[in-house]
Amino acid sequence: MLLSAEQRAHAQRNLPRYTSYPTALAFQADQAAVGQGWFGATRPDDRLSIYVHVPFCRRLCWYCGCHTTITHGYERVAAYADLLGHEIDLVARRLGEHDGLTHLHFGGGSPNALNPADFQRLVERLKRVFGLRPDAEIAAELDPGLLSDAFIEAVGDAGVTRVSLGVQTFDPRVQALVNRVQPIEQVAHAVQGLRQAGVRGMNFDLMYGLPGQTVENVHDSARRAAEMRPDRVAVFGYAHVPWMKKHQVMIREADLADLDERWAQAEAADAALVGAGYVRIGLDHYALPDDPLSKAAMTGRLRRNFQGYTDDPAPVLVPIGPSSIGQFREGFVQNLAPTDQWAARIAKGEPPLARALALSDEDRLRAAVIERLMCGLTVDVEATCREHGFPPDHLAGGLGALDALQIAGFCVRDGGRVTIPEGARRLMRVVAAAFDARLPVAPARHAKAV
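Because the structure is a prediction, the values reported are computed rather than measured. (Residues numbered from 1 in each chain as written. Predicted model: local features only at pLDDT ≥ 70, side-chain atom pairs only at ≥ 80, totals over all residues. Heavy atoms only, no water.)

Colleague: Help me out: how do you make sense of helix α5 (residues 149-157) in this one?
Modeller: An α-helical turn contains 3.6 residues, so any two residues separated by three or four positions project in the same direction. Those residues of α5 that fall on the buried side of the exposure criterion are F151, I152, A154 and V155. Buried positions in α5, seen along its axis, are confined to an arc of 160 degrees and lie on one side of it. Residues of α5 that are exposed and point more than 90 degrees away from the buried face comprise D149 and E153. Looking at the packing, one finds that the buried side of α5 touches α4 (116-130), β5 (132-142), β6 (162-168) and α7 (184-196). Once α5 finishes, G159 follows within two positions and takes phi at roughly 85 degrees, a positive value. (Buried < 20%, exposed > 50% of the residue type's maximum accessible area, 1.4 Å probe, protein only. Helix = DSSP H or I, 4+ residues; strand = E, 2+ residues; numbered from the N terminus. Arc of directions from axis to C-beta. Contact = heavy atoms within 4.5 Å.)

Structure follows, in structure tokens:
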């Protein structure tokens with residue numbers, strides 16, 4: 001398909017994914033000391049969500065934009081696992097009273113860069129130290145191409161309830177072009193083993209815009225993914241930023257699709273998944289109708305955080321590991337990103353925070369408007385202003401900025417009510433950006449809107 005001039009202009013904009021507002025680019029090093037005090041301000045009825053970052057992989061995928069390191073021996077990873085245990089204890093001592101752990105998420109990198117015993121020990125330590133609630137979700141992002149039967153067994157023994165597999169594509173040629181070879185039979189074996197181990201929730205990550213991808217092979221990969229019936233599927237666009245991720249120079253720009261083709265690839269994945277019975281969730285997620293994410297979307301409980309779309313209601317997100325981001329009522333915090341610097345702080349028994357951002361009432365208001373647009377595709381801006389203690393016309397400037405977008409068909413305004421039509425879902429970040437008071441930033445710091 002060919003995009004209209006308006007679609008093309010906005011699809012090429014560098015915009016945040018709005019997993020938070022303000023985004024991580026706004027975090028400040030000089031606020032880190034203030035952020036350290038927020039750990040102790042938790043309340044007795046606060047439930048905790050914890051994100052654990054494992055910044056290691058055993059292979060380098062050339063499309064990767066994650067904070068990770070390739071390791072070929074285990075000594076460094078083992079030392080890291082020990083330091084994570086120390087950070088867990090350090091954080092537990094700093095937290096105030098709380099009501100236990102309701103969501104535990106392992107991300108990376110690849111958490112299965114840990115050996116099975118170390119992974120299981122970490123999960124058990126987190127359960128014990130923070131008090132796992134009986135209804136808690138334990139989730140892990142895993143590389144299916146390097147997922148051993150022993151690790152699958154450890155996942156089951158640790159009580160993991162949800163796994164996200166980085167599938168990306170089933171096309172062998174595309175896999176070779178991005179250095180992530182994993183035959184479909186290998187992924188199917190991982191899915192079967194994880195389900196037999198007792199993992200109830202299965203997520204797949206797919207991509208479009210990779211070198212060698214076409215409308216046809218993107219549709220085929222999404223169709224094959226749907227046949228395995230994961231509960232959730234996320235479809236992300238490849239962001240080519242070799243000036244930030246040096247290994248991406250291995251991907252030839254000549255092999256990348258243009259904007260019209262990227263859009264068509266995203267539409268092809270959408271058609272395959274919706275045709276297979278999946279429900280659209282927000283910007284780029286899909287879920288089976290009876291999945292908790294679909295139910296949260298239907299009832300207005302869907303949320304957006306640093307792991308993407310979630311039904312996790314916990315008011316506190318605790319960061320563990322280098323570069324991890326946390327969220328408290330008072331604001332956001334982020335750990336040091338360089339693993340050696342993070343490790344040095346932990347070894348000294350000191351908090352490893354690098355940056356933080358205290359939230360203003362204005363930030364909270366804009367965050368609420370942006371989150372509702374990103375999650376539910378509609379928001380009553382004036383009512384939201386009143387709920388946050390502002391006059392109903394406080395965001396009149398943002399509403400006014402939507403006039404041109406409404407003419408282009410990206411949104412519909414009815415007084416203070418803003419709605420994104422189904423056909424404009426892929427450009428919802430453009431509509432949300434009208435309420436972002438911190439734009440613009442350096443163009444290269446955010447991915448393209450499509």
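Having seen the structure, we can now continue with the description.
Colleague: Would you take a moment to explain the nonpolar core for this structure?
Modeller: Side chains that are nonpolar tend, in soluble globular proteins, to be buried together. In terms of nonpolar packing, the biggest core is built from 117 residues, with F106, F119, L165 and F204 touching the most fellow members. At eight residues, the largest contribution of residues to this core is made by helix α3 (residues 75-94). Every residue in contact with F106, bar those within four places of it in the chain, is listed here: V52, V54, P111, F119, L122, V123, L126, A139, A140 and E141. The next biggest cluster of nonpolar side chains, apart from the first, holds ten residues, and it includes C61, W62, V174 and M207. (Core = buried A, V, L, I, M, F, W, Y, C linked by side-chain atoms within 4.5 Å.)

Colleague: What's the story with the packing of helix α8 (residues 215-227) against helix α9 (residues 259-275) in this structure? I'm lost.
Modeller: Two packed helices can be described by the angle between their axes and the distance between those axes. At a closest axis distance of 8 Å, the pairing of α8 and α9 adopts a crossing angle of 25 degrees. For the element pair α8 / α9, the angle class is roughly parallel. For the element pair α8 and α9, the recorded crossing hand is right-handed. Listed contacts from α9 to V215, V218, H219, A222, R223 and A226 of α8 are E261, A264, Q265, A268, A269, A272 and L273. For the contact of α8 with α9, the per-class residue count stands at nine nonpolar, two polar and two charged. (Axes fitted to C-alpha atoms, helices over the stretch in contact; angles between N-to-C directions. Parallel < 35°, antiparallel > 145°, perpendicular 65-115°, else oblique. Left-handed = near helix turned anticlockwise from the far one by under 90°. Nonpolar A, V, L, I, M, F, W, Y, C, P; charged D, E, K, R; others polar.)

Colleague: Would you take a moment to explain the sheet that holds strand β18 (residues 412-414) for this structure?
Modeller: Think of a sheet as strands paired side by side through backbone hydrogen bonds, with each pair either parallel or antiparallel. With antiparallel pairing, the three strands of this open sheet are ordered in space as β17-β19-β18. Edge positions in the sheet fall to β17 (378-380) and β18, since each has one partner strand and no second. On average, each strand axis in the sheet is inclined to that of its neighbour by 10 degrees, with strand direction left out of account. Relative to strand β19 (residues 417-419), β18 is paired through three bridges, and the arrangement is antiparallel. Along β19, the bridge assignment pairs R413 with V418. Helix-sheet contacts for helix α12 (residues 361-376) involve β17 and β19, and the interaxial angle to β17 is about 145 degrees. (Pairing = 2+ DSSP bridges.)

Colleague: Just checking my understanding: could you explain the pattern of salt bridges for this structure?
Modeller: In a structure, side chains of opposite charge can pair up when their charged atoms sit close to one another. Per the counting criterion, the structure on display carries 26 salt bridges. R59 is the partner of D143 in a salt bridge, and the nearest nitrogen-oxygen pair spans 2.7 Å. Placement of the pair is D143 in the loop between β5 and α5 and R59 in the loop between β2 (56-57) and β3 (69-70), with a sequence separation of 84 residues. This pair shows no difference in class: D143 is buried, exactly as R59 is. Residue R133 is joined to D135 by a salt bridge in which the shortest nitrogen-to-oxygen separation is 3.7 Å. A cluster of three or more residues bridged by salt bridges with shared partners is formed by R47, D99, R133 and D135. (Salt bridge = Lys/Arg side-chain N within 4 Å of Asp/Glu carboxyl O.)

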